[in-house]
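What the coordinates show
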Amino acid sequence: MGKIIAVANQKGGVGKTTTCTSLCCALRNRGRRVLLCDADPQGNSTSGMGVEKTASPNIYDILINDESAEKCVVTTKYGDVIPSNKDLSGATVELVGAKKREFVLKTALDAIKDKYDYIFIDCPPSLELLTLNALVAADSVLVPVQCEYYAMEGIADLTTTIKLTNKKLNPRLKIEGIVLTMYDGRTNFSNQVADELRKYFGDQVYKTMIPRNVRLAEAPSHGKPVIAYDRLSKGSRAYLKLANEFLKRQEAQNGR
């Protein structure tokens with residue numbers, strides 16, 4: 001059975017989408033069956049995997065029109081994608097009156113979970129109903145954290161939400177890990193943030209840190225994950241290393 005991982009941080013600009021697309025591509029290259037479910041109305045994961053934002057049906061149809069997840073899947077050479085676009089921004093309001101509104105995405109993804117090794121959900125940069133749907137559907141949460149001043153404050157808010165979701169809606173939910181992004185080893189401040197996060201979260205923080213790298217910023221405009229855009233770049237090599245560390249953790253969790 002596949003594992004569903006929500007990639008979440010209510011703070012924008014932390015490398016959440018880049019982490020989603022890069023991990024999916026890296027794991028696909030390692031022979032894993034992967035699906036990226038884009039739950040962000042901006043649709044950046046969709047275009048970053050080379051899928052048009054106009055693709056239909058999409059995640060909006062899953063949440064609002066009772067469409068099956070299987071019919072929404074678009075296959076790419078970087079991994080499968082359930083696309084998103086700006087139509088999703090109205091889904092939160094439309095879901096308010098729905099029965100079991102927090103469980104709509106879970107029900108849809110559970111139907112295709114066995115077809116994949118890993119399903120990553122790219123969450124919007126806010127803690128609202130779309131993110132809550134992702135947290136209810138997920139087995140765990142992967143948290144990209146930018147090495148900057150407000151990092152601890154943002155992650156504290158998210159961990160509180162995870163605990164509440166864990167108690168009331170999804171008892172199996174746990175933190176998969178924390179990924180440090182936009183790391184600049186030349187600055188004391190990046191190192192201080194990294195040290196503080198490791199001090200507080202211990203082994204939950206991945207050893208691999210994602211550096212600031214211009215190729216990471218360029219890749220989405222070419223409709224490719226950075227690993228496909230420039231495999232030799234610092235950013236690409238870091239995400240390949242992260243994928244290896246991720247798989248080793250999965251093997252340890254599964255007792256292999």
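Let me begin by describing the structure that accompanies this report.

The rules behind the values
- Numbers given to residues run from 1 along each chain, matching the order in which its sequence is written.
- Totals for whole chains, interfaces and linings use all residues, but because this is a predicted model, local features are given only for residues with pLDDT of at least 70 and pairs of side-chain atoms are given and counted only at 80 or more.
- In computing side-chain values, all of the structure's heavy atoms are included and hydrogens and water are not.
- Residues are called lining when one of their atoms sits within 4 Å of a cavity or pocket point, these points coming from a 1 Å grid over the protein atoms alone, where a cavity is a set in which a 1.4 Å probe fits but cannot get out and a pocket is an open set with protein on both sides within 12 Å along at least five of seven lines.
- Grid points are joined across faces, edges and corners, and a volume is the space filled by probe spheres set on the points.
- Secondary structure elements are taken from DSSP: a helix is a run of H or I of four residues or more, a strand is a run of E of two residues or more, and numbering for both begins at the N terminus.
- Three classes are used: nonpolar for Ala, Val, Leu, Ile, Met, Phe, Trp, Tyr, Cys and Pro, charged for Asp, Glu, Lys and Arg, and polar for all others, with Gly counted as polar.
- A 1.4 Å probe rolled over the protein chains alone gives each residue an accessible area, and that area as a share of the maximum for its type sets the label: buried under 20%, exposed over 50%, partly exposed in between.
- Every crossover in which the path from the first strand over the helix to the second runs clockwise, viewed with the strands pointing away from the viewer, is termed right-handed.
- Paired strands, as defined in this entry, are two strands with at least two bridges between them according to DSSP.

Another aspect to go through is empty space enclosed by the protein. Applying the stated criterion to the full structure yields 1 cavity of 30 Å³ or more. Taken together, Asn9, Lys11, Val14, Val145, Gln146, Glu148, Tyr150, Ala151, Gly154 and Ile155 make up the lining of the largest cavity. Secondary structure elements with two or more residues in the lining of the largest cavity: β6 (140-146) and α8 (151-168). When residues of the lining of the largest cavity are assigned to their parent elements, the largest contribution, 3 residues, is made by α8.

This paragraph deals with the layout of surface pockets. Volume-wise, the largest pocket comes out at about 510 Å³. Along the walls of the largest pocket sit 29 residues, with Gly15, Lys16, Thr17, Thr18 and Met182 positioned nearest its centre. If you list the elements that add at least two residues to the lining of the largest pocket, you get α1 (16-29), α2 (44-48), β7 (174-183), β8 (205-211) and α10 (214-218). Sorting elements by how many residues they give to the lining of the largest pocket places α1 first, with 5 residues. Taken together, the residues of the lining of the largest pocket sort by class into 12 nonpolar, 12 polar and 5 charged.

Following Ser56, the chain continues into Pro57 via a peptide bond in cis, with omega recorded as 0 degrees. Considering the arrangement of structural elements, one finds Pro57 in the loop between α2 and α3 (59-64). In this model, Asp66 sits at a positive phi of 60 degrees, which is unusual for a non-glycine residue. Mapped onto the fold, Asp66 is located in the loop between α3 and α4 (69-72). Its identity as a non-glycine residue notwithstanding, Lys100 has a phi of 50 degrees, on the positive side. Within the secondary structure, Lys100 is located in the loop between α5 (91-95) and α6 (104-110). Owing to a relative accessible area of 66%, Lys100 belongs among the exposed residues under this scheme.

It is worth spelling out the pairing of β7 at this point. Burial runs high along β7: 8 of the 10 residues are buried. Each parallel crossover has a hand, and the one from β6 via α8 to β7 is right-handed. The pairing of β7 with β8 spans 3 bridges and is parallel. Following the sheet pairing, Leu180 is matched in β8 by Met209. Following the chain from β7 across helix α9 (residues 188-201) to the adjacent parallel β8, one finds a crossover that is right-handed.

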